[in-house]
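# Fold and contact review
Given next are the chains, with one letter for each unit.
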Amino acid sequence: MLLDRLQGVHSLIGRLLYGTGMRLMEVMRLRIKDIEFERKEIMVRDGKEFKDRVTMLPAVLIDPMKSHLQSIKRQHENDLRTGFGSVYLPHALERKYPNAGKEWGRHPLRIPSCI
């Protein structure tokens, strides 16, 4: 099977595409706050016809997703320590939420094993 030949993040992307019905750009735009582990749901934003929708998060992908997020969170923390790791925010948002560009997520991650 093709998915068995993929490794690392490519395997996770392929399995998300196959298991959720998401399109490639929907997977690539996925954000931390869009993943709801307890309800096993993924919020797909600006999908086809620019509509939002909810799709299932297959149980088999929960542990790989958590593991991936743990490693990315470590990378983000290292980037912040070295002066990187922030994202551009429009001026008004940057004034209103001065740390938002460096935050890991807008709300706490619901990944108990990460914390």
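Just above sits the structure.
Presented here is an overview of the structure given in this document. (Residues numbered from 1 in each chain as written. Predicted model: local features only at pLDDT ≥ 70, side-chain atom pairs only at ≥ 80, totals over all residues. Heavy atoms only, no water.)

By size, the foremost hydrophobic cluster in this structure holds 16 residues, and its most contacted members are Leu-16, Phe-37, Leu-57 and Met-65. The set of elements that each furnish at least two residues to this core consists of helix 2 (8-20), strand 2 (41-44) and helix 4 (62-81). (Core = buried A, V, L, I, M, F, W, Y, C linked by side-chain atoms within 4.5 Å. Buried < 20%, exposed > 50% of the residue type's maximum accessible area, 1.4 Å probe, protein only. Helix = DSSP H or I, 4+ residues; strand = E, 2+ residues; numbered from the N terminus.)

Taken in spatial order, the three strands make up an open sheet running 1-2-3, and their pairing is antiparallel. Here the strands that pair on one side only, and so sit at the sheet edges, are strand 1 (35-36) and strand 3 (53-56). By the bridge criterion, two bridges tie strand 1 to strand 2 in an arrangement that is antiparallel. Of the residues in strand 2, the one forming a bridge with Ile-35 is Ile-42. (Pairing = 2+ DSSP bridges.)

So, on to the side chain of Ser-11. Counting through the fold element by element, Ser-11 comes out in helix 2. Under the relative-accessibility criterion, Ser-11 is labelled buried at 11%. Look past the residues within four positions of Ser-11 in its chain and what remains in contact with it is Leu-3 and Leu-6. (Contact = heavy atoms within 4.5 Å.)

Moving on: the pattern of salt bridges. With the rule as written, the count across this model stands at seven salt bridges. With a shortest N-O distance of 3.5 Å, Arg-31 and Asp-34 are connected by a salt bridge. In this structure, Glu-41 engages Arg-39 in a salt bridge whose closest nitrogen and oxygen atoms are separated by 3.1 Å. Using a relative accessible area of 27% as the deciding quantity, one classes Glu-41 as partly exposed. (Salt bridge = Lys/Arg side-chain N within 4 Å of Asp/Glu carboxyl O.)

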